[in-house]
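Per-entry structural report
One letter stands for each residue in the lines below.
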Amino acid sequence: MEDEEMEKKVQQYLHRKGFRLTELALQEERNRLSTTSLSDVSLSRSDNDPARYYDGYNKLRTWAYNSLDQYKHELLCVLYPVFIHCFMDLVAEGHTQEARAFFHKFREEHELMHSRDLQKLEGVLSPLHLEEMDLARSLRENKFRIKLCEYSYELLLQYLQKTQALVMLGIINERIIFEVSAGQPSLISDDADVVALVGTSKDLAKQINQKEVHWGLLEDSVEERMEKALSDSDRIEAESKDADADDNNKKKSSEGGKQGGPLNKKLKKDKVVGATGKNNKSDASMVSGAPRVKPELTLPAMPVEVEQSILEDLRNRAQLNNLALPSVSFYTFLNTHNGLNCSSISNDGSLVVGGFSDSSVKVWDMAKIGQPAKTSSSQGENGSSQGEHLSSTSEGKRPYTLLQGHSGPVYSAAFSPFGDFLLSSSSDSTIRLWSTKLNANLVCYKGHNYPVWDVQFSPAGHYFASASHDRTARIWSMDKIQPLRIMAGHLADVDCVQWHVNCNYIATGSSDKTVRLWDVQTGECIRMFIGHRSMVLSLAMSPDGRYMVSGDEDGTIMMWDLSTSRCVSPLAGHNSCVWSLAFSCEGALLASGSADCTVKLWDVASSTKALKLDDSKAGSTNRLRLLKALPTKSTPVYNLRFSRRNLLFATGALSLGS
């Protein structure tokens with residue numbers, strides 16, 4: 001029986017039996033219950049009032065801005081995630097107009113640090129958009145990590161308890177993970193990673209970064225053997241000079257009598273100065289101090305002729321430092337009409353490849369382009385522009401090799417270390433391997449489900465890594481059509497990938513504003529680098545394997561210590577996307593190429609030396625010194641590459657007006 005029918009039956013029974021007092025008591029109980037239910041309905045209606053988000057956020061904002069200056073910058077970090085989730089909760093509850101008014105009222109204070117996210121969220125107009133948009137879905141499914149000192153955390157808790165701000169308390173409990181540290185609040189300049197989106201696990205980043213990283217160079221590499229040979233020759237030469245000096249000393253001491261004492265001291269002093277000078281020279285020419293690490297991958301054998309060419313390049317390598325800057329050879333693609341998506345340069349600078357929106361891959365041989373009597377600065381420009389025009393007029397006379405096979409725009413291309421193979425990735429979710437000698441496609445690798453944004457060969461060749469829109473990075477072998485490892489964990493697209501110099505790790509940069517380091521052997525993430533404010537577009541590893549550099553869409557460059565996962569040097573100089581980064585061969589210089597039409601050279605050697613001296617000081621940050629900015633007038637820089645002889649090659653694209 002239903003509840004109403006049961007109550008009627010009971011009331012009829014009491015009336016029939018004459019239990020008047022009991023009937024009245026039951027009637028009063030029914031009236032009281034109906035009044036309580038009405039109050040519950042009114043309370044639930046007030047809980048659904050959209051004004052509670054506006055009032056709660058406005059009070060929290062006012063309190064944070066009125067806090068003590070010492071703790072204000074930490075407390076203000078709480079506002080952005082609360083603002084985002086207040087807006088999305090309003091949209092999810094169907095209060096679209098109130099959500100738009102709330103968004104436009106408070107968005108200005110977050111524009112400086114989160115402008116791109118706000119531009120995307122501005123298009124959220126219905127609850128369905130929250131499910132369809134990748135950014136909104138990531139924000140709803142994952143939590144923000146915020147660093148606070150212990151006193152700032154206590155201040156926030158006291159405010160929430162005293163004001164009974166239930167709506168704000170619910171959002172903070174559900175959407176934010178606080179990383180509370182003892183002591184004084186950190187400085188604004190040190191807090192590059194105060195707000196970051198992480199997974200739902202409470203201590204995810206801390207657990208990941210506790211794993212050990214074996215940074216260093218490969219054992220028994222060509223560079224190591226060259227270094228040993230140079231050190232042995234220096235030692236033999238020093239011993240022979242010492243023996244000659246001792247013979248001269250004996251002769252002069254026997255002839256000069258008492259004057260032999262000061263002469264001997266002078267010669268010993270010269271000998272010490274000469275030895276230290278040689279050591280400095282060898283340190284500048286070769287990467288020293290880096291531990292030797294065994295590769296976990298089975299690396300292919302290097303041909304003898306390739307090894308000889310590498311040794312020849314090492315012998316003739318120019319020594320770069322803050323006083324001796326590299327020569328730059330810049331190649332410009334003219335009138336590509338927004339068709340050029342990517343470009344790359346071989347290690348020796350002899351080949352340049354471009355990936356285009358019409359699904360084609362074009363390879364230029366710089367030696368052939370240089371045959372006509374043209375100036376060196378315009379060879380790349382004339383060569384590429386001739387290629388674009390001749391491709392439609394004369395198939396047999398075009399100065400480039402056309403490689404066709406993809407069925408979508410080509411987004412990345414990379415040469416093998418020895419220049420005999422070429423990889424290209426496309427929006428058709430495939431990766432293709434080409435032979436530069438046969439000018440033919442050898443293999444088509446299928447594994448990704450969405451467009452592949454980046455592909456890179458390992459430093460030893462044979463293996464390569466790819467980054468895709470499906471939020472994964474994958475490791476491949478040239479002789480297998482299926483991936484060997486799948487690296488999953490990013491919250492958004494994986495935009496770029498880079499190998500560590502010892503081939504044991506790969507780094508990935510993502511649209512979720514983080515960089516991750518993965519173990520090749522296990523496929524696990526062992527480092528998470530948090531600090532960028534926009535999508536990470538470029539990565540580079542230092543030659544000694546200790547440092548990594550990442551560049552983002554806003555023009556910020558960050559230098560990381562792999563062993564501690566700490567940002568050791570944020571670089572501010574570019575004002576647009578950093579598309580390419582490259583270390584010089586001995587690691588003394590860093591080159592960055594950007595959409596702001598400049599190539600910038602940074603002094604790494606002096607900054608890392610100062611960093612080693614200041615390692616004991618907590619929170620100390622050293623900024624790399626900008627050595628030189630090389631403007632290209634109006635040509636964005638797509639790709640940078642240092643050759644083995646330390647010549648810097650760069651490519652860019654320029655569309656001329658009519």
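Each value, and the rule that gives it
Within every chain, residues take consecutive numbers counted from 1 along the sequence as written. The predicted nature of this model means local features are confined to residues of pLDDT at least 70 and side-chain atom pairs, given and counted, to a pLDDT of 80 or more, with totals for whole chains, interfaces and linings taken over all residues. As a rule here, side-chain values cover all heavy atoms of the structure and leave hydrogens and water aside. Numbered from the N terminus, helices here are DSSP runs of H or I no shorter than four residues, and strands are runs of E no shorter than two. Remark: exposure states derive from per-residue accessible area (1.4 Å probe, protein chains only) relative to the maximum for the residue type, with buried under 20%, exposed over 50%, and partly exposed in between. Pairs of residues are marked as contacts when any of their non-hydrogen atoms sit within 4.5 Å. Here the Shrake-Rupley method, with its probe set to 1.4 Å, supplies the accessible areas, and only the displayed protein chains count as covering residues. A strand pair is defined by DSSP finding two or more bridges across the two strands. Only buried Ala, Val, Leu, Ile, Met, Phe, Trp, Tyr and Cys residues count toward a nonpolar core, and they belong to the same one when joined by side-chain atoms within 4.5 Å. Working definition: rings of Phe, Tyr and Trp (its six-membered ring) pair if their centres are within 6.5 Å, and the pair is stacked with planes under 30 degrees apart, edge-to-face with planes over 60 apart, and tilted otherwise. A fitted line through C-alpha atoms serves as each axis, taken over the contacting stretch for helices, and the angle formed by two N-to-C directions is quoted from 0 to 180°. Orientation labels follow simple angle bins: below 35 degrees gives roughly parallel, above 145 gives roughly antiparallel, 65 to 115 gives roughly perpendicular, and whatever is left gives oblique. Two helices that cross are described as forming a left-handed crossing if the nearer one is turned anticlockwise from the farther one by less than a right angle, and a right-handed crossing if clockwise. Lys, Arg, Asp and Glu make up the charged group, whereas Ala, Val, Leu, Ile, Met, Phe, Trp, Tyr, Cys and Pro make up the nonpolar group; the residues left over, Gly among them, are polar.

If you tally the helices and strands in the protein chain, you get 18 helices and 32 strands. Taking all 658 residues of the protein chain together, 48% fall into the buried category. Partitioning the contacts of the protein chain with sequence separation of at least 6, the portion at a separation of at least 24 is 59%. Accessible area for the protein chain stands at about 32,400 Å²; split by element, carbon and sulfur atoms hold 51% of it.

Let us look at the pairing of strand β29 (residues 598–603). Along β29, six of the six residues are buried, which leaves the element largely enclosed by surrounding structure. Alternating positions in β29 separate into two faces, T598, K600 and W602 on one and V599, L601 and D603 on the other, with burial throughout. The sheet contact formed by strand β28 (residues 589–594) and β29 spans five bridges and is antiparallel. Bridge pairing in β29 places A591 opposite L601. If you look at the hairpin formed by β28 and β29, you'll find three residues sitting between the two strands, and C597 has a positive phi there, around 65°.

All right, on to the environment of P185 then. Note that P185 resides in the loop between β2 (176–181) and β3 (195–198). Given a relative accessible area of 11%, P185 falls into the buried group. Between the C-alpha atom of P185 and that of E150, which follows or precedes it by 35 residues, the distance is 8.2 Å. Apart from the residues within four sequence positions on either side, P185 is in contact with Q70, Y71, H73, E74 and C149.

On to unusual backbone geometry. The phi dihedral of R471 is positive, around 70°, even though this residue is not glycine. For R471, the position within the fold is in the loop between β16 (463–468) and β17 (472–477). Residues other than glycine seldom take positive phi values, yet S565 does so here, at roughly 60°. Its place among the elements puts S565 in the loop between β25 (556–561) and β26 (566–572). We classify S565 as buried; its relative accessible area is 16%.

Attention now moves to the nonpolar core. If you look at the biggest cluster of nonpolar residues, it comprises 43 residues, and the most contacted ones within it are Y57, V82, F87, L121 and M168. Residues in contact with L121, not counting those within four places in the same chain, are I84, F87, R100, F103, M133, L135, A136 and L139. Judged by nonpolar contacts, the second largest core, of 19 residues, contains A507, L517, L539 and C567.

Evaluated as defined, the whole model comprises 22 aromatic pairs. Each ring, one from F87 and one from F103, has its centre 4.8 Å from the other, and the planes form 45°; the classification is tilted. Residue F87 is located in helix α5 (residues 79–92), and its partner F103 is located in helix α6 (residues 96–106); the two are separated by 16 residues in the primary sequence. With relative accessibility at 0%, the residue F103 sits in the buried group. Ring pairing ties together the aromatic residues Y54, Y57, F83, F87, F102, F103 and F106, which thus form one cluster.

Before going further, it helps to examine the packing of helix α3 (residues 51–65) against α6. Axis separation between α3 and α6 bottoms out at 11 Å; the angle between their running directions is 15°. Here α6 runs roughly parallel to α3, going by the angle between their axes. As α3 packs across α6, the resulting crossing turns out to be right-handed. Seen from α3, the contacting residues are Y53, Y54, Y57, N58 and R61; seen from α6, they are F102, K105 and F106. Partitioning the contact of α3 with α6 into residue classes produces five nonpolar, one polar and two charged.

Moving on: the sheet that holds strand β14 (residues 440–446). Across the sheet, four strands lie side by side as β11-β12-β13-β14; this open sheet has antiparallel pairing. Edge strands, defined here as strands with exactly one partner in the open sheet, are β11 (410–415) and β14. For this sheet, the mean inter-axis angle between neighbouring strands, taken without regard to orientation, is 20°. Where strand β12 (residues 421–426) lies against strand β13 (residues 430–435), five bridges are found, and the strand directions are antiparallel. Each bridged residue has a counterpart across the sheet, and for L422 the counterpart in β13 is W434.

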